[in-house]
There are 2 protein chains.
Amino acid sequence: SCYLIPNKMVPGDSNKECTDLKGNKHPLNSRWQTENCDECDCLEKEISCCSLVAIPVGYDKDNCQKIFKQEDCKYIVVEKKDPNKTCDVSQWI
Amino acid sequence: SCYLIPNKMVPGDSNKECTDLKGNKHPLNSRWQTENCDECDCLEKEISCCSLVAIPVGYDKDNCQKIFKQEDCKYIVVEKKDPNKTCDVSQWI
């Protein structure tokens, strides 16, 4: 899933860089990855970001919990009682 | 929606702080907010994070796009052709 972050435009000034949510600057047309696994592009008018992470939505929420594996950019869903056991996931978005 | 980030445990060492996805350290039992609007708690065994942001899922994806408003921790959905016009959203998750 993707979303936009509009660049703050200075009138009369053409945009040569983008400022991300952390305040870091990126050159026009560059691409970077955030620590929460969004892949972002600096465009003329906006930053376009798309998440690399599939979100588990169909699982037993009473007995299972999701764990974010940053190194793999993915969630795993495990039992609350025994995190060594994975839970079935019927739907990812 | 919430998720966990397990703390890397050092055997024999009791956990007095958490290291977040950016590599920043937080004291045990502290709470902070990330730039992408997750609220996170440093717990004994893990970081527990919950998103403060509702994600629009039911809208006209051909003609509309979502824009992240970091200052309000929310998405707005606007027409691609005319971003001044908002689009109807039938479902948020």
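Residues numbered from 1 in each chain as written. Chains lettered and ligands numbered in written order. Predicted model: local features only at pLDDT ≥ 70, side-chain atom pairs only at ≥ 80, totals over all residues. Heavy atoms only, no water.

Undergrad: Let's hear about the overall build of chain A: which residues, and what values?
TA: In terms of regular secondary structure, chain A is built from zero helices and 10 strands. Ordered by position from N to C terminus, the α and β elements of chain A give β-β-β-β-β-β-β-β-β-β. Here chain A has a C-alpha radius of gyration of 18 Å; the compact-globule value for 93 residues is 12 Å, and the former is much larger. Projected onto the principal axes, the alpha-carbon positions of chain A cover approximately 60 × 20 × 15 Å. Just so you have it, chain A exposes about 5800 Å², and 48% of that area is on carbon and sulfur atoms. Side chains of chain A give 13 positive and 16 negative charges; the mean places of these two sets differ by 3 Å. (Helix = DSSP H or I, 4+ residues; strand = E, 2+ residues; numbered from the N terminus. Rg over C-alpha atoms; globule rule 2.2 N^0.38 Å. Areas by Shrake-Rupley, 256 points an atom, 1.4 Å probe, with all protein chains shown as cover. Lys, Arg positive; Asp, Glu negative; His and termini not counted. Charge placed at Lys NZ, Arg CZ, Asp CG, Glu CD.)

Undergrad: Give a description of the pattern of salt bridges that names residues and reports values.
TA: Enumeration according to the criterion identifies eight salt bridges over all chains in this entry. A network of salt bridges, in which partner residues are shared, links R31(A), E39(A) and D41(A). (Salt bridge = Lys/Arg side-chain N within 4 Å of Asp/Glu carboxyl O.)

Undergrad: If you had to explain the pairing of strand β9 (residues 74-79) of chain B to someone new, which residues and values would you point to?
TA: Residues and elements named next belong to chain B. Note: strand β8 (residues 64-69) against β9, six bridges, orientation antiparallel. If you follow I67 over to β9, its bridge partner there is I76. From the end of β8 to the start of β9, which pair antiparallel, there are four residues, and C73 there has a positive phi angle of about 55°. (Pairing = 2+ DSSP bridges.)

Undergrad: Explain the relation of the copies chain A and chain B to me, and be specific about the residues and the numbers.
TA: Once turned by 180° and shifted 0.0 Å along the axis, chain A lies on chain B with an RMSD of 0.0 Å. Those values place the two copies in the arrangement expected of a two-fold rotation axis. If distances are taken from each C-alpha of chain A to the rotation axis, the shortest is found for N36(A), at 4.3 Å. When the interface residues of chain A are mapped onto chain B, 100% of them again lie at the interface, so the same face is used by both copies. (Least-squares fit on C-alpha atoms with pLDDT ≥ 70 in both. Contact = heavy atoms within 4.5 Å.)

Undergrad: Residue-level account of the domain arrangement of chain A, with values.
TA: Segmenting chain A into domains produces domain 1 (2-51) and domain 2 (56-92). Look at where the C-alpha atoms of domain 1 of chain A and domain 2 of chain A centre, and you get two points 31 Å apart. (Domains from an automatic or database assignment.)

Undergrad: Please give an account of the interface of chain A and chain B that cites residues and values.
TA: Tallying the contact residues gives 17 residues for chain A and 17 residues for chain B. Between chain A and chain B the total buried area reaches about 1700 Å² when both faces are included, carbon and sulfur atoms providing 61% of it. Summed over the three residues of chain A that lose the most area to chain B, namely L4(A), L21(A) and K66(A), the buried surface amounts to 31% of that side. Where chain A packs against chain B, one counts zero salt bridges. The interface formed by chain A and chain B contains eight residue pairs in polar contact (both at pLDDT 80 or more). Taken together, the elements giving at least two residues each to the side of chain A that touches chain B come down to β1 (2-6) and β8 (64-69) of chain A. Among the residues making up the side of chain A that touches chain B, the classes are represented as 10 nonpolar, four polar and three charged. (Buried area = accessible area lost by both parts, 1.4 Å probe. Polar contact = N/O pair within 3.5 Å; in protein donor to acceptor, adjacent residues only side chain to side chain. Nonpolar A, V, L, I, M, F, W, Y, C, P; charged D, E, K, R; others polar.)

Undergrad: Describe the layout of surface pockets, listing the residues and the values that go with them.
TA: One number sums up the size of the largest pocket: a volume of about 1000 Å³. Together, 39 residues line the largest pocket, and I55(A), Y75(A), S1(B), S51(B) and I55(B) are the ones closest to its centre. If you list the elements that add at least two residues to the lining of the largest pocket, you get β7 (56-58) and β8 of chain A together with β1 (2-6), β6 (46-51), β7 (56-58) and β8 of chain B. The class makeup of the residues in the lining of the largest pocket is 24 nonpolar, eight polar and seven charged. Within this model, the second largest pocket holds a volume of roughly 490 Å³. Looking at the lining of the second largest pocket, the elements with two or more residues in it are β1 and β2 (17-19) of chain A together with β8 and β9 of chain B. Broken down by class, the residue content of the lining of the second largest pocket amounts to 11 nonpolar, five polar and eight charged. (1 Å grid on protein atoms, 1.4 Å probe; cavity = no way out; pocket = protein on both sides within 12 Å on 5 of 7 lines; lining within 4 Å. Points joined across faces, edges and corners; volume = space filled by probe spheres on them.)

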